[in-house]
Amino acid sequence: MTLFLIKLIMAHLIGDFILQPDCLCRRKYSTDFRERVGALALHSATQAVLSYIFLAWWSNWLIPTTIFACHFFIDWIKTNYGKDKLPAFIADQLAHYAVITGIWWLSVFNGAPITGSLLPNSFWLISTAYIAVLAPTSILIKLFIKYECWMPDDISTQGLPNAGKWIGYLERILILTFIFTDNIEGIGFLLAAKSVFRFGELNKAQDIKTTEYVLIGTLTSFAIAILIGFAVLWLNN
């Protein structure tokens, strides 16, 4: 029955981060009531459909209906607090996972059928981990740094557009791959290589803020990826 929970979490991550474009996210905060409700309904429907498809429990409409209603309600509350705020993001995600866990527990308690899959449980677990270290982790790190007011004022004028985001994606994918393939020493080489390229030119007094900003982002990124990687190994044993 653990696969039941993993599938619900994967559906949530894909729907909340991968299949939610920026234009839809902006519409959720629109001052136009109809546009806002429409965006929230479309996003919640996406979550419900994904959970229905992933679980493949075709006779059960209660779970996707519950996910639609709860997701709509939670996101409606979140949009009242404004976007790009760390406490609102964390509270929003905790609420969604509470609903997912509740659905899983009630389904198990009521004797839900064991969801079969042509793919092994480890595939679903590892795939969920890779999805989690991409956009969800990137957004969390960005909000964390912004919440602590650690972002330098001129950081947006430095470097290539979105380069930092993709560097973060690649480094976290590599970290998970090193952990899953039992090549932990590769994480040390990755950190050393990034230090040479990212910190080598930031050695002047006026670059202290930028250096600290990059260092905080890097260590946070590494820490989250490492924790997720070892958590997956523990769950997969």
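Look above for the structure.
Residues numbered from 1 in each chain as written. Predicted model: local features only at pLDDT ≥ 70, side-chain atom pairs only at ≥ 80, totals over all residues. Heavy atoms only, no water.

S.K.: Got a minute to help me understand unusual backbone geometry in this structure?
M.R.: Only a minority of non-glycine residues have a phi that is not negative, and only a minority of peptide bonds are not trans. A positive phi angle is found at A56, which is not glycine, with a value near 55°. Inspection of the secondary structure assignment puts A56 in the loop between α3 (33–55) and α4 (62–79). In this structure, D182 is a non-glycine residue whose phi angle is positive, near 60°. (Helix = DSSP H or I, 4+ residues; strand = E, 2+ residues; numbered from the N terminus.)

S.K.: Which parts of the structure should I look at to understand the packing of aromatic side chains?
M.R.: Using the criterion set out here, one finds 11 aromatic pairs in the structure. Consider the rings of F54 and W124, whose centres lie 5.8 Å apart with planes at 65°: the pair is edge-to-face. Of this pair, F54 sits in helix α3 while W124 is found in helix α6 (residues 121–132), placing the two residues 70 residues apart along the sequence. Here W124 falls in the buried class, since its relative accessible area comes to 12%. Centre to centre, the rings of Y130 and F180 are 5.8 Å apart; their planes meet at 75°, and the pair counts as edge-to-face. Of the two residues, Y130 sits in helix α6 while F180 sits in helix α8 (residues 163–180), which places them 50 residues apart along the sequence. Taken together, the ring pairs in this structure connect F33, F68, F72 and W76 into an aromatic cluster. The ring of W124 has K7 sitting right over it, with the charged end atom 5.0 Å from the ring centre. The aromatic ring of W76 is capped on one face by R36, whose charged end is 4.0 Å from the ring centroid. (Phe/Tyr/Trp six-rings, centres within 6.5 Å; stacked < 30°, edge-to-face > 60°. Buried < 20%, exposed > 50% of the residue type's maximum accessible area, 1.4 Å probe, protein only. Lys NZ or Arg CZ within 6 Å of the ring centre and 35° of its normal.)

S.K.: I keep staring at the packing of α4 against helix α5 (residues 86–109) and nothing clicks. Help me out?
M.R.: At their nearest, the axes of α4 and α5 sit 10 Å apart, and the two run at 160° to each other. Put simply, α4 runs roughly antiparallel to α5. α5 is crossed by α4, and the crossing has right-handed handedness. Residue-level inspection shows I63, T66, I67, C70, H71, I74, D75 and K78 of α4 in contact with α5, the latter providing A88, F89, D92, A95, H96, V99, I103 and S107. Split into classes, the residues belonging to the contact of α4 with α5 amount to nine nonpolar, four polar and three charged. (Axes fitted to C-alpha atoms, helices over the stretch in contact; angles between N-to-C directions. Parallel < 35°, antiparallel > 145°, perpendicular 65-115°, else oblique. Left-handed = near helix turned anticlockwise from the far one by under 90°. Contact = heavy atoms within 4.5 Å. Nonpolar A, V, L, I, M, F, W, Y, C, P; charged D, E, K, R; others polar.)

S.K.: How should I be thinking about the side chain of E171 in this particular structure?
M.R.: Inspection of the secondary structure assignment puts E171 in helix α8. Among residues more than four places away in sequence, those in contact with E171 are L190, K194, T218, S221 and F222.

S.K.: What's the story with α3 in this structure? I'm lost.
M.R.: In an α-helix there are 3.6 residues to a turn, and that puts residues three or four apart on one side. Relative to the 33 Å expected for 23 residues at 1.5 Å per residue, α3 spans 33 Å between its end C-alpha atoms, a close match to the ideal helical length. Taking the backbone nitrogen of R34 as reference, a side-chain oxygen 3.0 Å away marks D32 as the first, capping residue of α3. Note on α3: the residue one or two positions beyond its end, A56, has a positive phi of about 55°. (Expected span 1.5 Å × (residues − 1). Polar contact = N/O pair within 3.5 Å; in protein donor to acceptor, adjacent residues only side chain to side chain.)

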